[in-house]
Amino acid sequence: MRIILFLIRKEFLQVFRDRALLFMLIAPPIVQLIIITSAATFDVKRIDVHLIDLDRTPASNRLVDRFQASGRFAVTRTTPSGAVADRNLLSNEVDLVLRIPNGFGEDLARNRQADVQLIFDGTNGPTAGIGQSYSLQVIDRFAENEQARLRPRVTTASAAPAPRLEVRTRMWYNPGREFEDYMAPGILVILITIIGTMITALNIAREKEQGTIEQLNVTPITKGQFITGKLAPFWLLGIVEFAFGLFVAWLIYDIPLEGSLLIVFVGAGLYLVTALALGLVISTVSQTQQQAQFIAFFVLMIYLFISGLFTPVESMPVWAQWIAEANPIKHLIALIRAVLIKGAGVSQVSVELGMLAAFAAITLPLAVRTYSKTAA
Amino acid sequence: MTRASFGGLLRKETFHILRDRRTLAVVILMPIIQVLLFGFAIRTDVQEVRLAVVDPAPDARTLAVRGRFAASPSYRIVAVLPTASGIDELFQRGAADQAILFAPDFAAALYSTEGARVLIVTDGAAPTTAGSVEAFARSVMLGYQEELRSGPAPPGRGGPGIRVAAHVRHRFNPTLESRYLFVPGLLAFVLTIISALMTAITLSREKETGTLEILLVSPIRPAHIILGKVLPYLALAFLNAVTTLTVGWAVFGVPVRGSLFLLAGECLLFVAVCLALGVLISARMPSQRASMIAVIVGTMLPTAILSGMIFPIDSMPGWLQPVTYIIPARWFIEIVRGILLKGATLETLWDDTLILAGMTVVLLAAGVRSFSARLD
């Protein structure tokens, strides 16, 4: 036990001595947690419109007013030239070109039917689809309004209401779609993973590079003691950072704490064992810090993108879902979201807890086995 | 300094790169694997929405609406229920993403002033896609209403109502294919981290082993030392850009509408920015370990989230949007999407290009200064 404590003390001393490293471990993650959390949204705030109104009648003005009044669209450019409009789309000046053809007002009055053209910038990603839906709603309301305007002037026979759907929408489980509640825990998990895996991956590789590992190898320290001594300090660092990050997220974003924090910390603790053990495995199989670094980066990218943090795992192809199942981060994020947002108890997250425990139980012995005390 | 000594430096660094076969293999293969993996796995567009239908009084009208959903490739109807009581369970089991609930008097109310009531319930637990999924269902419903209005009015109902036909087009990306948007993002992400890591590692390693001091006291100027060290990596990272884009084009069919020559030039410029970032970081950080952690912690999440790679910058809160200006990948993604999808030329991309060039100069100057200062 004393040996382990000595090793732990040594690791702490090394980390605390390297002030720049210590700073990198604490400041950027917390700053990022605060800033990045509010960036992760697909909400459509404002759609900039280039208006080509070739009609210039009261009817076309009413349509434009409807767009403006919806609060989602802002007409920022108006030129009758299609070429200019296309250039504005090309240079990201506007997101949508709304083209009202000549004769729009007349068609409406005479044939009760008119056309408008909407050209979205398809490189805007998910927002283009949402923008399309918004604009169709605006046009739909406009048509209804025109109908109401016409009614007094036409005979009752032809004034029967047009077929109309009353579409209402509801968002369940997260009615306000609070992105922060959803993202903050996930981002926190990614951050402690980057720190945990990266720093351990570099750890043994560094001792190898500097030759100090040889010195440790000739001491009577057992493999288990060595690994424990290497992992424990960073495990502690990770837990402290996690707690601090959660506190900051609660303070700033007021993330809900519906369920038991104990479950969250048990999950995080189990997870950190896996993250650190993985870092150790990486460092033992690589010869230099450089190699360790690149392999760790590769693993971290899979962690990051196939974790359900940004895009739901369910929408991935089946093989990718299997990769996600083998990604401990996915289970931890699911667990934290369920406990914090939905107030799930142990029985509801037993699968996630079990998976995290299983990962820890597999990766730690693996790390011990891979590490060989004989010099490579 | 002579041309020969600079050439010698270049040769030395190239030897360093070629000697470590393992790292070289990782650096060359990793981006290819990542583009393949994530290109297939990650989609932010509406994929296959699993839909539950609650239809208390099925008739021709509701069947027509259901048919519209069933015909859409984005929808799969997983359950048809007579009452709403079962949908909660479907959501909780994760068997459905969305439900549409018809009012019992749907067909009868179609021509009333209130309209036929439909409720669209979306699982908000995945807020990133929930907005798109909701908008999509709305569009389908409005499409049906449009179909009804354009058809002949039923007997005794008078003439058709006012109708405004919206012709919607998504310019540059008609099917809103998210892969087309994701590949440029992934390219920027991989290039940022690999380039910054490589220079940070090579420079801080020479610093740690003391060989940098030896180089600095030689008659070679610090700027030339750094150039000599960085140039070989410029070639390597450029190779990464080429392989990544080739995979994107060959496997995912990402179009290349603009000039290949311009694309190559912009890639080189972006790689230069990232290498310069690596130079600056290694100049400021005392150890190899600290600079690697600084690169990963400092660039991984900001590049993934603040660059517009996944989450549109327009959707971010107003105060945050200026923060994205300091992320080089943000400009590069705009450039690459412009060239690939919009066929943009320097005429519209000059500002983004200028910003990247400015970043390179500033970062490189700051890095070289920091290195030179070490001698005093």
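On a predicted model such as this, the values are computed, not experimentally measured, just so you know.

Enquirer: So what's going on with the interface of chain A and chain B? Which residues, and what values?
Expert: Between chain A and chain B, the residue contacts involve 102 residues of the former and 108 residues of the latter. Of all the secondary-structure elements, those providing two or more residues to the side of chain A that touches chain B are α2 (19-37), α4 (82-90), β4 (113-121), α6 (126-150), β5 (165-172), α7 (179-210) and α11 (289-305) of chain A. Sort the elements by how many residues they give to the side of chain A that touches chain B and α6 of chain A lands first, with 16 residues. Class assignment for the residues of the side of chain A that touches chain B results in 61 nonpolar, 26 polar and 15 charged.

Enquirer: Explain the nonpolar core to me, and be specific about the residues and the numbers.
Expert: L188 of chain A together with L191, L197 and I293 of chain B are the most contacted members of the largest nonpolar core, which has 229 residues in total. Beyond its immediate sequence surroundings of up to four residues, L188 of chain A is in contact with L33, F242, G245, L246 and A249 of chain A.

Enquirer: A description of the domain arrangement of chain B should follow, citing residues and the corresponding values.
Expert: As far as domains go, chain B holds domain 1 (6-43 + 177-373) and domain 2 (49-150). Taking only C-alpha atoms, the centre of domain 1 of chain B and the centre of domain 2 of chain B are 46 Å apart.

Enquirer: Summarise the pairing of β4 of chain A; cite the residues concerned and give the values.
Expert: Sheet topology places strand β3 (residues 96-100) of chain A next to β4 of chain A; four bridges connect them, and they run antiparallel. Counted as the bridge partner of L98 of chain A is L118 of chain A from β4 of chain A. Relative to strand β5 (residues 163-171) of chain B, β4 of chain A is paired through nine bridges, and the arrangement is parallel. From the neighbouring strand, D115 of chain A faces β5 of chain B, where its bridge partner is A165 of chain B.

Enquirer: Any chance you could break down the sheet that holds β3 of chain A for me, citing the residues and the numbers?
Expert: Reading across the sheet, the five strands line up as β2(A)-β1(A)-β3(A)-β4(A)-β5(B) and stay open at both edges, with mixed pairing between neighbours. What marks the edges here is a single partner per strand, and that holds for β2 (73-78) of chain A together with β5 of chain B. Averaged over neighbouring strand pairs, the angle between their axes works out to 30 degrees when direction is ignored. Sheet contacts for helix α5 (residues 104-111) of chain A: β3 and β4 of chain A; angle to β4 of chain A, the most-contacted strand, approximately 140 degrees.

Enquirer: Describe the packing of helix α7 (residues 178-209) of chain B against helix α12 (residues 328-342) of chain B, listing the residues and the values that go with them.
Expert: All names here are of chain B. Running from amino to carboxyl end, α7 crosses α12 at an angle of 140 degrees, the nearest separation of the two axes being 9 Å. The angle between α7 and α12 falls in the class oblique. Seen along the crossing, α7 lies across α12 with a hand that is right-handed. Counted together, Y180, L181, P184, G185, L187, A188, F189 and T192 of α7 and P328, A329, F332, I333, V336, R337, L340 and L341 of α12 form the full contact between these two elements. Looking at the contact of α7 with α12 residue by residue, the class counts come to 13 nonpolar, two polar and one charged.

Basis of the calculations
- Residues numbered from 1 in each chain as written.
- Chains lettered and ligands numbered in written order.
- Predicted model: local features only at pLDDT ≥ 70, side-chain atom pairs only at ≥ 80, totals over all residues.
- Contact = placed C-beta atoms within 7 Å.
- Helix = DSSP H or I, 4+ residues; strand = E, 2+ residues; numbered from the N terminus.
- Nonpolar A, V, L, I, M, F, W, Y, C, P; charged D, E, K, R; others polar.
- Core = buried A, V, L, I, M, F, W, Y, C linked by C-beta atoms within 7 Å.
- Buried ≥ 20, exposed ≤ 12 C-beta atoms within 10 Å, placed from the backbone.
- Domains from an automatic or database assignment.
- Pairing = 2+ DSSP bridges.
- Axes fitted to C-alpha atoms, helices over the stretch in contact; angles between N-to-C directions.
- Parallel < 35°, antiparallel > 145°, perpendicular 65-115°, else oblique.
- Left-handed = near helix turned anticlockwise from the far one by under 90°.

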